Amino acid sequence: MKPAKNAEKSYHWQDDPPIITIYFNRAEMERHFFIPISRERASEYRKFYSLANRWKNERGPTSSITEMAIHPAYQEIIGMGKEAIPLILSELEKSPDHWFWALSAISGEDPVKPEDRGRIKKMAEVWLEWGREKGYR
Amino acid sequence: MGMVWHQKFPNPPIEEALLDIRANLPAHIDLALLETFQNSLKESFPNRKPLFHWEGGMEIKEGVASVLAPKGGTMGYQFMSGNGKKVIQARKNGFSFHILKPYDSWESLRDQAKQLWAHYLEIAHPINVNRVALRYINRIEIPLPFKEFKEYLLIIPELPPEIPIGVSEFFMRLVMPDTEKNLAAIVTEVLQKIDEKKGILPIILDIDTFQESVLAAEGAELWAKLEELRNFKNMIFFKSITEKTEELFK
């Protein structure tokens with residue numbers, strides 16, 4: 001690896017004390033690193049999984065869908081809006097769970113037929129197919 | 001840099017491609033006008049969120065800490081396609097267009113960006129352009145096991161053989177100016193966590209090429225400059241990988 005030609009013409013902070021150079025370099029590096037949308041979304045990913053884990057751990061063995069859906073963490077996931085949809089679908093694919101209320105609330109849609117309600121695995125399949133059709137998968 | 005570096009892969013490693021044009025806008029262009037960018041695009045880009053920029057800090061002087069007055073605010077808007085795979089930013093300092101995977105082609109990215117830039121010109125009437133950039137974030141999934149990073153990547157940190165242990169993490173950022181052509185590249189490489197299920201080690205190869213110079217907001221020169229950046233970016237990409245890596249994208 002060699003130094004760039006005419007590197008002195010590029011921006012530099014050689015006249016500043018070393019700690020200032022490190023500070024500005026670090027701040028600029030961080031700003032530049034998070035420009036891509038895919039990186040900005042990494043923070044949404046962390047938020048979703050933190051909430052999802054909290055919901056799973058705190059909801060208890062209740063089978064009441066209403067109680068599960070009004071859990072604060074579940075409500076916060078609904079509050080994330082459409083950015084949560086691909087993450088919820090990813091969770092559904094790993095293991096069917098009661099994400100359907102959240103998907104309906106966020107998307108405003110419900111592709112599940114009345115005769116399939118209550119059949120978790122079937123409902124999960126229907127939502128995953130919906131996700132593929134809409135381009136979320 | 002006379003050679004032209006183009007090869008299309010059926011399975012490109014591109015996670016995101018973005019095209020960014022920074023511009024000087026007339027003083028009367030405000031957020032209300034930028035918001036109207038979405039009006040004729042609502043069907044393709046139905047989702048909108050504001051873009052914020054804040055700067056703040058604190059100062060310690062003679063043992064007394066004080067908070068500096070924060071500055072910043074809303075700098076524009078982000079418009080997203082229904083599935084979130086395409087994103088436009090219309091900002092007070094310019095415009096950017098992002099495509100997330102699956103990536104189609106440079107021609108598709110360029111032609112869509114041209115149409116959207118034309119729309120930005122109608123709304124924001126930029127005086128001129130002061131910076132153009134093209135940035136590709138690649139995620140290369142290296143199959144395990146392998147002996148040396150050099151089998152797949154040629155821009156890597158080097159350890160002397162006298163240090164007989166391997167590397168489990170690295171984050172590397174290189175700034176490479178080409179002062180003769182007034183271009184520059186920032187290459188960021190990050191080792192991600194091994195995916196044992198898939199048997200891969202993912203590495204991010206993020207190549208950002210840009211030029212800071214004044215260009216006309218309209219006309220062919222702007223797009224010719226982006227073609228030059230694309231060629232520069234491709235040269236860095238193809239020279240950073242091996243034939244074994246290219247096979248992963250076929």
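Residues numbered from 1 in each chain as written. Chains lettered and ligands numbered in written order. Predicted model: local features only at pLDDT ≥ 70, side-chain atom pairs only at ≥ 80, totals over all residues.

Considerations on the overall build of chain B
Phase 1: Each helix and strand in chain B was counted, giving four helices and nine strands.
Phase 2: From first element to last, N terminus to C terminus, chain B shows the α and β order β-α-β-β-β-β-α-β-β-β-β-α-α.
Phase 3: Principal-axis analysis of the C-alpha atoms gives chain B an extent of 60 × 60 × 45 Å.
Phase 4: Sorting the 250 residues of chain B into buried and exposed places 26% on the buried side.
Phase 5: Restricting to contacts in chain B with at least 6 residues of sequence separation, those with at least 24 account for 69%. (Helix = DSSP H or I, 4+ residues; strand = E, 2+ residues; numbered from the N terminus. Buried ≥ 20, exposed ≤ 12 C-beta atoms within 10 Å, placed from the backbone. Contact = placed C-beta atoms within 7 Å.)

Let's talk about the overall build of chain A
Phase 1: Of regular secondary structure, chain A possesses seven helices and zero strands.
Phase 2: The secondary structure elements of chain A, listed N-terminal to C-terminal, are α-α-α-α-α-α-α.
Phase 3: Looking at chain A as a whole, 18% of its 137 residues are labelled buried.
Phase 4: A separation threshold of at least 6 residues defines the contact pool for chain A, and within that pool the share at least 24 residues apart is 49%.

So, the pairing of strand 4 (residues 86–91) of chain B
All names here are of chain B.
Phase 1: Taking burial as the measure, the six residues of strand 4 include five buried ones, the bulk of the element.
Phase 2: Across six bridges, strand 4 lies against strand 5 (residues 94–100) in antiparallel orientation. Each residue of the ladder has a partner; that of Gln 89, found in strand 5, is Ser 96.
Phase 3: Connecting strand 4 to the antiparallel partner strand 5 that follows it, the hairpin turn spans two residues. (Pairing = 2+ DSSP bridges.)

Focus on the confidence of the model for chain B
Phase 1: On average, residues of chain B carry a pLDDT of 90, and 93% of them reach 70 or more.
Phase 2: Scored by ipTM, the complex comes to 0.83, with pTM at 0.76. (pLDDT = per-residue confidence, 0-100.)

Here we look at unusual backbone geometry
Residue and element names in this part refer to chain B.
Phase 1: Along the chain, Lys 101 connects to Pro 102 via a cis peptide bond; the corresponding omega equals 15°.
Phase 2: As for its placement among the helices and strands, Pro 102 is situated in the loop between strand 5 and helix 2 (106–124).
Phase 3: In the segment running from Leu 144 into Pro 145, the intervening peptide bond is cis, with an omega of 0°.
Phase 4: Tracing the backbone shows Pro 145 in the loop between strand 6 (128–143) and strand 7 (171–178).

Brief notes about the interface of chain A and chain B
Accessible area lost during the coming together of the parts is what is often quoted as the interface size.
Phase 1: Counting from both sides, the interface comprises 16 residues of chain A and, opposite them, 18 residues of chain B.
Phase 2: When contributions to the side of chain A that touches chain B are tallied by element, the ones reaching two or more residues are helix 1 (18–33) and helix 2 (37–58) of chain A.
Phase 3: Broken down by element, the side of chain A that touches chain B gets its largest block of residues, three residues, from helix 1 of chain A.

A closer look at the packing of helix 2 of chain A against helix 4 (residues 72–79) of chain A
Residue and element names in this part refer to chain A.
Phase 1: With their axes 8 Å apart at the nearest point, helix 2 and helix 4 run at an angle of 150° to one another. Relative to helix 4, helix 2 is oriented roughly antiparallel. In this structure, helix 2 crosses over helix 4, and the sense of that crossing is left-handed. Here Phe 48, Leu 51, Ala 52, Arg 54, Trp 55 and Glu 58 of helix 2 lie close against helix 4, whose contacting residues are Ala 73, Tyr 74, Glu 76 and Ile 77.
Phase 2: Among the residues making up the contact of helix 2 with helix 4, the classes are represented as seven nonpolar, no polar and three charged. (Axes fitted to C-alpha atoms, helices over the stretch in contact; angles between N-to-C directions. Parallel < 35°, antiparallel > 145°, perpendicular 65-115°, else oblique. Left-handed = near helix turned anticlockwise from the far one by under 90°. Nonpolar A, V, L, I, M, F, W, Y, C, P; charged D, E, K, R; others polar.)

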